[in-house]
Each structure stands twice: as structure tokens, then as C-alpha cells.
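Architecture and fold: a report
Residue strings, one per chain:
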Amino acid sequence: MKSTKLIAICFLFSVAFLGPLGAIDFQVPAATDIAGFGTILATQGSSNAKELQKTKPGFVPRSDIALKTEYPEIKAPSSGTVIYSQRESPVASVFSFPLGGTVAILHPESYISLVSGLALDTVIFNQAGKGQENSVKKGISMGQAIGSGIYPERYFGLRLIDIKNSLWINPLFLASWLQDRTAPVIQNVWLTNENMRGNTPIELKTTAPKGKYIECQQATYEVSVAAIDSIIPGSRSFSAPYKIVIMLDGKTSIDTSFIAATCKSEGLSFLGNPAPSSKAILENGAYRVGRIPLQRGQHEIEVQVSDYAGNQSILKASLMVN
Amino acid sequence: MHHRNEMKKRRFHIFAFIVAAVLFVLLSVRGTKKQEQISEAIFLPFSSALDPASISRQNPSPSLISFLGDGYLGYIDSANNQLYAAQFSDRAAIDSSGWISYDRLATALQAFSLGSKPSTIAGYGYPWFKSSRRFLIRADQMGIAEMHTDGSIVWEREFPMPITAIDATPTTLGIGFLDGSIRFLEKKAQNLYSEPHDSQQDSQHIRTVYGIALSGDGRYTAVLRGISPQKIESYRRAGTGFVKSSERELPSGAPLQATMCYAEDGSHVVIAQGEQLIYYNTKKNYVRKLANGAASSNVASGAFVQHFVLGPTGGNTIAVLQVQSQNPPTTKVLILKHGIIEREEPGAVSASAGKGALIIVFRDGVEIVKGWQQ
């Protein structure tokens, strides 16, 4: 049932959003573990260990998916032209870029896929740059997944860029083999009064006793949601959920998703937030999903968090706005 | 009478011969003066190296030259022929203030400052040091930060495309991207110049940037990009930004990843791409593919050769590392003077220069070539 739903979502996504992407015959390798698009790259603890550190490099949503497959050999997900190949230096005296062995392939309709964290095959590395000879066919071996930079050992990464529309596409929509029966977990939802940012935000999950109202002042509130999803049952990685919808008194107030990230001069924009991507996340790791104006009176708020297979978790709360 | 004239002629010839001989000797001495200056080469093994922790931060020797090898890093006191070295297990970056060692996952950054205790730096990227500046390239290659020596972040920038090329001077940072766009940032990361990719006009012709090199004074830059054709494009500083001054097509057929740098005197750029080594004369705007025989002498048949530009070694010289993928892999450092081999150092893994000395780094020690002035 769920997989039927997933196929339907994939189809709608392809038709409505990606347009011609379906034509490029793109195959995301079947994985035993996935960290999905939008998942925070570095955990808060590891990136904030030093007091002097004013910013937290890596505390951003990921623009790729990290995968671990049963076998380390990684094949080209689609045919195209190699436009960039990157290999780790064989000696430590020469700097290597963090993504390790990487191949960027230009596909029809101006899509670029980027596969990283590989021990790149010498053949793939050397054939590039020779005019017509730098084309690759779907399914040819590109190398072994060894991990690098943001990919742990035996993991590799996959990114998909729509150059024409300046978008980073969530590659999970092309993983037709996904079978997810577990709903995402809503850890908490916060409402932050935009006019009183210094005040403690209202926590919907912990301060909403059943049948009682949460009292708050009339204002516009920023809504942030902490939620995780396990895409592959039993895997060790947690991912960002796919879609977050906020209903206020039965009407949709916020509808946002990790369908894609938009390229801006300052970096990437997630969930409609301004770039750089760090602006989509609060210090506690919650996603900024949008704003809702709360007028005086009683209100019912419903937070719906869905995953790629359509599994959904709901958090409801009653508000008394003074 | 006739006899006297003959004698005079003979005396004149002898005198002219003596003058010519003296001039020849003098000129010969002048011509070989440089060779005499670099006649002293001292090898210092790592087994006899001192601990770099013994270098005082308050009183560092003015003649210290940092080096990064393959498993060893440290400093050379060329005036006192002293080697300070430490081992590192994975990767590292070093400058005159200390070094940072890190692993593939960029989560365990260990900072060593001269005269201070080691510390852990919170970071999520690969440290990259250039021109007395310390950068952290974010682990997903989508951002860069500049750090103080204590690891604190000065500024941080994110980009909409992965970084594929980078170079820096004390005043300018040049970055190239996967989609062919380039950006030059000033000291506080404000845009000096940017050339974005026009997604609407040119979406099927991506001209990825494979290499970028800035001249030492930050006034000139060379950008390597595109496949068919692949071009090297020159930019020069104009007012507060940069303008393109020339471009040149390059021979095709090389892997799509490059290392490149300007010579210290700004006369030329050397580009390394896999087996290929290219000399680009920036003054006269011509390129020369360095002949395989010259650049890759003694290469075993069937071996895959990779070249990496290590950096300028003073004047008109540039150090290049050659790695042959034999089993085991063999390395060699080439010092190129205007693209012509000046020195070959088989077995070496790195080179650096400064304070009138050239440092050649081997796996078991370091050679100091004194009087290195090009």
C-alpha cells in the first residue's frame, strides 16, 4: 500500500516539478543505509566544541544523499558527459578536496549529477577531457565507495543539480526501490514570537496537556519543527522528514518540503528560508518552516510531518491567544 | 723595419689574447656564481630531528622554513642546519605559526601552535593554508571559512555550487566552481569580482573551473576551465575588481582536475593535469606543453604518471611533484625554471623555499640546498 503511494508521489513529483528529469533514466543505487536530503550534516556537539568558535561549519542541511550499498562498487546512475573528475592525492604533501574521488556528469536537459566519496577508477579519471571520449554510459563502474569528507567509511554521496532552474533536486525521489513503513517522529514544535525574540519559545509538545489551552500573546510566530525520519528500516541513520504542513483552524498556513533547494548568491535556500542554508536551522537543530499570524481568540494548530512514502505523524495543540 | 712591425703585431696579439683570456675567466666566474652559491646541500634525517614543540613561540628562529612531507612535517632552521619534525598519520596543513592534522572525515582537527599545547579545533572541513592565511574548506565542498590560528572563525561563506579550484594571496581569495563561475573575495570575504554561470543562456555548456592561480601580488590571475575547448584565461586587477585580459586554448586530453601556480616573479604559470604539464607565459600569452621526455624523464613504460604543482620556489622557478603509479609508487620532485628542468630529485615528495634555501623533502629526511636564489 505504502509503496503504491510512493510510486504515485514519485510520478506526481516528476510530472509537476521535475518535468523532463524522468527522461534521463536516472537510477539511485539500492542502499542499506541513507542519510537524506535536508538532514543536518554535522551534529551540534561536534561542531560547537570550542567556545571561541562563533559559527558552526557543517551545521547545515545536506544538499545530497549519503548512501551505503551492499557492495562497494558504484556504477554511473545515468548516461552523460563527464565534466569534472576529482581524485585524492596519492601523497599527503598535496592537498586533496574533502569530497574525495568525485565524478560530475552532465545529463540531458542540463542536469548534473555528482557522485562523491569514491576511490575513483583510473579509467574514469583518465578518460575525461578527451572530447567525445569523456561520455559515460549508465551502469559502468566508477569506483569503490570508501567515504571522504561528509561520508563515513564505505558511504558515498549523490547530488543532482538542475542547472537551468538553479535547483538542487532531492535525489530520493528517484529511488523507486524505497520501502518505508515507519512514520517520522516529531520531537517538538516551537512557536517563537517575532516581536519578543529574547523570550522562551512556546513548546507545543511538552506544554500541551490534553484538553487544555496553551496561552500566548497576539503576534506573528515563527514555527520551527524538530523531526526525524528513518528511511530504511533498521538502518543507523536518521534523516530529515520530507514534508511539513501547519494547519491553523483547519486551513493550511504553511506547506513546505525538502523537494529541492534553491541556488542563491549567498548559498542554498531550504524550506523557503533565505540563503545560506544555515538559516533554515535553529541552534537546537529544529527546521524553520515559516510564520503564522495568531489573532486573539481560540485556535487549533495541527502539525503534519510526512516522509517520502507518505507516512505521516501529527501533533495537535489548542491555543488561547490574548 | 719590417721585422719591428712583425714584433709589434705579435706583442699586440699576445696582449689581446691575455686580455681575452682574463675577460673569459672573469665572465665564466660570474656565470657560475649561482652554481657556486647552491653548492652546499645538507641532508638531515628525520631520525635525528628535534621536537617542534621545543621551538619557542616568543623567539622563533628567523630562518625557519616550514615543510609538509608524506607522513612528516616540521621546520628547517637553515642558518643552524637544524631539523624540527613531527609525524602525522593522515593529512595536515602547516604554516609559520603551527599546523593542523586531520582525518578524512574532517571531524578530528588537532591544532599545534609553536610554543603552545596541542588543542582540538571544532570544525567540519579540511584546513588549507596559503599566504599566511588559514582556511577551512567545508566538508561538503560548498563553503569556506577563514580561521585565526586559535581555530576561531573570522568569516564563513557558503556557495550554491561545489568548489573545484582555489588559490589565495594575503589580500585576495580566488575560487572556481563546478558550474564555471568564479569569485574573487577580498580579505574580509567581500566580493571583489564574480562571474556567475548564466543558467538561462548556457545551460548545456558547462565550463567547469579546474584550476585557479593568483600572482603573489594579487594583481593577476589565471583560470583554467572548459573541456572542448579547454582554455586558460588571464585576468588583471582593474580598480576594485578584475577584467579579463587574454585567453589561450590548451591541448586537450588531460584529466579534468588540475593544480597550478604562478611563478614568484609573475612571469608564467605551470599547470599540472594528470600526465600533462603545461607552461603558460603570462607576459607573452603563449602556452607550451612540456615535452614528455623533459618533464617525465625516466618514467617506466606502462606506469600512470600524475603531476601536481607544489608551489613557487622563488624567482622564475616552480616545484612540481611527479608520482608514478608503479607498485610501490615512486615520486620525484622537479624544479622547473621557466618550464625547463633545473633540478630533479628522485624519491622526494615535496619542496618549499625561503630565506635563501630550497628544502627538498624525502620520506626519510630533508635536504637543505643553501644559497637558493633564483
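Just so we're clear, the structure is a prediction, and the values are computed from it rather than from any experiment.

Structural notes on the overall build of chain B
- If you tally the helices and strands in chain B, you get three helices and 31 strands.
- Looking at chain B as a whole, 47% of its 374 residues are labelled buried.
- Nonlocal contacts in chain B, meaning residues at least 24 apart in sequence, comprise 43% of its contacts between residues at least 6 apart.

Considerations on the overall build of chain A
- On a plain count of helices and strands, chain A comes out with three helices and 21 strands.
- Put simply, chain A has 322 residues, and 49% of those count as buried.
- Long-range contacts, defined as pairs at least 24 residues apart, comprise 69% of the intrachain contacts of chain A with a sequence gap of at least 6.

Topic: the domain arrangement of chain A
All names here are of chain A.
- For chain A, the assigned domains read domain 1 (2-174) and domain 2 (185-321).
- With 26 residues of domain 1 at the contact, the number on the domain 2 side is 24 residues.
- Put simply, the parts of the chain that give the side of domain 1 that touches domain 2 at least two residues each are helix H1 (2-18), strand E1 (33-35) and strand E10 (167-169).
- Of all the elements, H1 adds the most residues to the side of domain 1 that touches domain 2, at five residues.

Observations regarding the confidence of the model for chain B
Residues and elements named next belong to chain B.
- Confidence in the prediction for chain B averages 86 pLDDT; 86% of positions are at 70 or higher.
- Scored below 50 in pLDDT, residues 27-36 makes zero contacts in the model with residues more than four places away or belonging to other chains.
- Note on the complex model: pTM 0.88, ipTM 0.89.

Notes on the pairing of strand E5 (residues 91-95) of chain B
Residues and elements named next belong to chain B.
- Burial analysis of E5 places four of its five residues in the buried class, the great majority of the element.
- In this structure, E5 lies alongside strand E6 (residues 98-102), joined through five bridges in antiparallel fashion. Each bridged residue has a counterpart across the sheet, and for Arg-91 the counterpart in E6 is Tyr-102.

Things to note about the sheet that holds strand E15 (residues 182-185) of chain B
All names here are of chain B.
- With antiparallel pairing, four strands are arranged side by side in an open sheet as E13-E14-E15-E16. Sheet topology places strand E13 (163-168) and strand E16 (191-195) at the edges, where each strand pairs with a single neighbour. For this sheet, the mean angle separating the axes of adjacent strands, direction not counted, is 10 degrees.
- Sheet analysis places E15 next to E16, joined by four bridges and oriented antiparallel. Opposite Phe-184, over in E16, you have Tyr-193 as the bridge partner.

Comments concerning the environment of A:Pro108
Residues and elements named next belong to chain A.
- Structurally, the position occupied by Pro-108 is in the loop between strand E5 (101-107) and strand E6 (111-120).
- Judged by the 15 C-beta atoms lying within 10 Å of it, Pro-108 falls in the partly exposed class.
- Between the C-alpha atoms of Pro-108 and Phe-270, which are 162 residues apart in sequence, the distance is 25 Å.

Some words on the nonpolar core
- By size, the foremost hydrophobic cluster in this structure holds 194 residues, and its most contacted members are A:Val225, B:Met260, B:Val270, B:Val320, B:Ala351, B:Ile359 and B:Ile360.
- Mapping this core onto the domain boundaries places at least three of its residues in each of domain 1 (2-174) and domain 2 (185-321) of chain A.
- For A:Val225, the contacting residues outside a window of four places in its chain are A:Ile186, A:Val189, A:Ile244, A:Ala286, A:Tyr287, A:Val289, A:Val303 and A:Val305.

A closer look at unusual backbone geometry
- Across the junction of A:Ala275 and A:Pro276, the peptide omega takes the value 0 degrees, indicating a cis bond.
- Tracing the backbone shows A:Pro276 in the loop between strand E18 (267-269) and strand E19 (287-294).
- Look at the link from B:Ser228 to B:Pro229: it is a cis peptide, with omega at 5 degrees.
- By the element assignment, B:Pro229 lies in the loop between strand E18 (220-225) and strand E19 (231-238).

A short note on the sheet that holds strand E27 (residues 330-337) of chain B
Residue and element names in this part refer to chain B.
- Across the sheet, four strands lie side by side as E25-E26-E27-E28; this open sheet has antiparallel pairing. The open sheet has two free edges, formed respectively by strand E25 (305-312) and strand E28 (340-346), since each of these has just one partner strand. Averaged over all pairs of adjacent strands, the angle between their axes in this sheet comes to 25 degrees, without regard to strand direction.

Quick look at the pairing of strand E7 (residues 109-113) of chain B
All names here are of chain B.
- Summarising the sheet, E6 and E7 pair through four bridges and their orientation is antiparallel. What sits directly across from Ile-100, in E7, is Ala-111.
- Counting the residues that bridge the hairpin from E6 to E7 gives six residues, and of these Ala-106 lies at a positive phi of roughly 60 degrees.
- With three bridges joining them, E7 and strand E8 (residues 119-121) adopt antiparallel strand pairing. In the sheet register, Leu-109 faces E8, and the bridge partner there is Ile-121.
- Here E7 hands over to E8 after five residues, with Gly-115 in that stretch at a positive phi of 80 degrees.

A short note on the environment of A:Tyr71
Residue and element names in this part refer to chain A.
- Its location among the elements puts Tyr-71 in the loop between strand E2 (65-68) and strand E3 (73-75).
- Exposure remark for Tyr-71: the 9 C-beta atoms within 10 Å place this residue in the exposed category.
- With 64 residues separating them in the primary sequence, Tyr-71 and Ser-135 have C-alpha atoms 24 Å apart.

A few points about the environment of B:Ala16
- Relative to the helices and strands, B:Ala16 is located in helix H1 (residues 2-31).
- Once the C-alpha coordinates of B:Ala16 and B:Ser96 are considered, the two residues, 80 residues apart in sequence, prove to be 56 Å apart.

Conventions we followed
- Residues numbered from 1 in each chain as written.
- Chains lettered and ligands numbered in written order.
- Predicted model: local features only at pLDDT ≥ 70, side-chain atom pairs only at ≥ 80, totals over all residues.
- Helix = DSSP H or I, 4+ residues; strand = E, 2+ residues; numbered from the N terminus.
- Buried ≥ 20, exposed ≤ 12 C-beta atoms within 10 Å, placed from the backbone.
- Contact = placed C-beta atoms within 7 Å.
- Domains from an automatic or database assignment.
- pLDDT = per-residue confidence, 0-100.
- Pairing = 2+ DSSP bridges.
- Axes fitted to C-alpha atoms, helices over the stretch in contact; angles between N-to-C directions.
- Core = buried A, V, L, I, M, F, W, Y, C linked by C-beta atoms within 7 Å.

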